[in-house]
Amino acid sequence: SVMAAHVASKFLNPNGLLLLPGAAAALNPTAWSLPYGICKVAVHHMVRSLADVETSGLPAGTKTIGIAPITLDTPQNREAMPDADKSTWATLDEVSEQIEAWCSDPSKAESGKVYIIKKESGSKAVFDPTTPL
């Protein structure tokens, strides 16, 4: 994420979008994996800090957001959690469609927010903008 922000500061077009990968798990204690939690909290902090384009060094009008999935429907997650309720997992298609929508029109993204990706069984994934700690 640090490298992505640096590259964006040099090459992103004005009014562009910088999207960083956070995690919903980092909104709570992560005693099960302190290094993971620390890294994801740092990403959330970057999202909030880089939203201030006046001081961030990013091009004018840049929107900086994070995504924080609860659980993504990936082959690795299916293998690791074979008995889980997969109907509540956001699909990669749902996530990529939302990212594509933000890229097409960054004005629809709320800069400085981490979007928690939630899904209820039988519904489409919801992207809930949250202000990180």
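Provided above is the structure to which this section pertains.
1. Here we look at the pattern of salt bridges
Overall, the coordinates contain three salt bridges when judged by the stated rule. The partner of Asp73 in a salt bridge is Arg78, and the shortest N-O contact between them spans 2.6 Å. Residue classification places Arg78 among the partly exposed residues on the basis of a relative accessible area of 38%.

2. Focus: the sheet that holds strand E1 (residues 17-21)
With mixed pairing, four strands are arranged side by side in an open sheet as E1-E2-E5-E6. Here the strands that pair on one side only, and so sit at the sheet edges, are E1 and strand E6 (126-130). With direction set aside, neighbouring strand axes in the sheet form an average angle of 30°. As paired strands, E1 and strand E2 (residues 63-69) are joined by five bridges and run parallel to one another. Looking across to E2, one finds that Leu19 is bridged to Ile65. Against the sheet, helix H2 (residues 34-50) engages E1, E2 and strand E5 (114-118), with an angle of about 160° to E1.

3. Some thoughts on a nonpolar patch on the surface
On the surface, Met3, Val7 and Phe11 cluster together to form a nonpolar patch covering roughly 360 Å² of accessible area. Along the chain, Val7 falls in helix H1 (residues 2-11). Owing to a relative accessible area of 37%, Val7 belongs among the partly exposed residues under this scheme.

4. Some words on H2
Over its 17 residues, H2 runs 24 Å from end to end, which matches the ideal 24 Å to within 8%, given 1.5 Å per residue. Residues of H2 that are buried: Gly37, Lys40, Val43, His44, Met46, Val47 and Leu50. In the core, the buried residues of H2 are packed alongside H1, E1, helix H3 (53-56), E2 and E5.

5. Overview of the side chain of Asp73
Position of Asp73 among the secondary structure elements: in strand E3 (residues 72-73). Within the local environment of Asp73, its side chain forms a polar contact with the side chain of Arg78, the two groups lying 2.6 Å apart. Those residues within four positions of Asp73 in sequence are excluded, and the remaining contacts are Arg78, Trp89, Ala90, Thr91 and Leu92.

6. Some details on the packing of aromatic side chains
In total, this model carries three aromatic pairs according to the counting rule given. Seen from their ring centres, Trp102 and Tyr115 are 4.6 Å apart, and the 50° between their planes marks the pair as tilted. Linking Trp102 in helix H5 (residues 92-104) with Tyr115 in strand E5, this pair joins segments that are 13 residues apart in sequence. Look at Trp102 and you get buried, because its relative accessible area is 3%. For Tyr115, a relative accessible area of 4% gives the class buried. Ring centres 5.8 Å apart and planes at 90° place the aromatic pair Trp102 and Phe127 in the edge-to-face group.

7. A closer look at the side chain of Glu94
Inspection of the secondary structure puts Glu94 in helix H5. Classification of Glu94 as buried rests on a relative accessible area of 12%. From its side chain, Glu94 meets the backbone nitrogen of Thr91 in a polar contact 2.8 Å long. Polar contacts involving the side chain of Glu94 include one to the side chain of Lys119, which spans 3.2 Å.

Criteria and thresholds
- Residues numbered from 1 in each chain as written.
- Predicted model: local features only at pLDDT ≥ 70, side-chain atom pairs only at ≥ 80, totals over all residues.
- Heavy atoms only, no water.
- Salt bridge = Lys/Arg side-chain N within 4 Å of Asp/Glu carboxyl O.
- Buried < 20%, exposed > 50% of the residue type's maximum accessible area, 1.4 Å probe, protein only.
- Pairing = 2+ DSSP bridges.
- Helix = DSSP H or I, 4+ residues; strand = E, 2+ residues; numbered from the N terminus.
- Axes fitted to C-alpha atoms, helices over the stretch in contact; angles between N-to-C directions.
- Contact = heavy atoms within 4.5 Å.
- Patch = residues over 30% accessible without salt bridge, like charges linked within 9 Å, V, L, I, M, F, W, Y side chains within 5 Å.
- Areas by Shrake-Rupley, 256 points an atom, 1.4 Å probe, with all protein chains shown as cover.
- Expected span 1.5 Å × (residues − 1).
- Polar contact = N/O pair within 3.5 Å; in protein donor to acceptor, adjacent residues only side chain to side chain.
- Phe/Tyr/Trp six-rings, centres within 6.5 Å; stacked < 30°, edge-to-face > 60°.

These values are about where atoms sit, not about what they do.
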